[in-house]
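# Descriptive structure summary
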Amino acid sequence: QVQLVESGGGLVQAGGSLRLSCAASGRTFSSYTMGWFRQAPGKEREFVAGIGRIGVTIYYADSVKGRFTISRDNAKNTVYLQMNSLQPEDTAVYVCAAGRPGRALGSRLYDYDYWGQGTQVTVSS
């Protein structure tokens, strides 16, 4: 099992940037696929980005392509989400997720087995 703790959220003006981090417990971080999701008030949780075990395979939601970058550092048990050109519609709680060993990288909720508590990102206009 893995525990996930997000950090890096905050309040930023439109056009600004934030970098989220997700630190994972355990010694087998490199065996997990990792993803970022977000949930705005009154909306369903939606996929943002996912990254494979060695960082070669990467998926993005269309809404963030060209603005967000997901990466991972297996030596530090950490996955990152660099968010640039933020817009008010990016306001949400951002949640880190891990898919257990053996899972293929995916963009659906059920592709992931472990979830963090989330970090709030608020973009003002």
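Residues numbered from 1 in each chain as written. Predicted model: local features only at pLDDT ≥ 70, side-chain atom pairs only at ≥ 80, totals over all residues. Heavy atoms only, no water.

## Brief notes about the packing of aromatic side chains
This model, assessed by the stated rule, comprises five aromatic pairs. With centroids separated by 6.1 Å and ring planes inclined at 75°, the aromatic side chains of Tyr-32 and Tyr-114 adopt a geometry described as edge-to-face. Of this pair, Tyr-32 sits in the loop between β3 (18-24) and β4 (33-39) while Tyr-114 sits in strand β10 (residues 114-115), placing them 82 residues apart in sequence. Overall, Tyr-32 belongs to the buried group, its relative accessible area being 6%. An aromatic cluster is defined as three or more aromatic residues linked by ring pairs; in this entry it consists of Phe-37, Phe-47, Tyr-112 and Trp-115. Taking the ring centre of Tyr-80 as reference, the NZ or CZ of Arg-19 above it sits at 4.0 Å. Over the face of the ring belonging to Phe-29 we find Arg-72, whose NZ or CZ atom lies 4.6 Å from the ring centre. (Phe/Tyr/Trp six-rings, centres within 6.5 Å; stacked < 30°, edge-to-face > 60°. Helix = DSSP H or I, 4+ residues; strand = E, 2+ residues; numbered from the N terminus. Buried < 20%, exposed > 50% of the residue type's maximum accessible area, 1.4 Å probe, protein only. Lys NZ or Arg CZ within 6 Å of the ring centre and 35° of its normal.)

## With respect to the environment of Ser-125
With respect to the element layout, Ser-125 can be found in the segment after β11 (119-124). Under the relative-accessibility criterion, Ser-125 is labelled exposed at 88%. Along the backbone, Ser-125 and Glu-89 are 36 residues apart, and their C-alpha atoms lie at a distance of 9.7 Å. What Ser-125 contacts, discounting residues up to four positions off in sequence, is Ala-14 and Pro-88. (Contact = heavy atoms within 4.5 Å.)

## Focus on the pairing of strand β1 (residues 4-7)
Of the two faces of β1, only the one carrying Leu-4 and Glu-6 is buried; Val-5 and Ser-7 on the other face are not. The pairing of β1 with β3 spans four bridges and is classified as antiparallel. Each bridged residue has a counterpart across the sheet, and for Ser-7 the counterpart in β3 is Ser-21. (Pairing = 2+ DSSP bridges.)

## A look at the state of the cysteines
A disulfide bridge is the covalent bond that connects two cysteines by way of their sulfur atoms. Throughout the structure, instances matching the rule amount to one disulfide. Covalent S-S linkage joins Cys-22 and Cys-96, the inter-sulfur distance amounting to 2.1 Å. Measuring the twist about the S-S bond at about -80°, one finds the Cys-22-Cys-96 disulfide to be left-handed. Here Cys-22, found in strand β3, pairs with Cys-96, found in strand β9 (residues 92-99); they are 74 residues apart in sequence, far enough to count as distant. Assigned by exposure class, Cys-22 and Cys-96 land together as buried. (Disulfide = S-S within 2.5 Å.)

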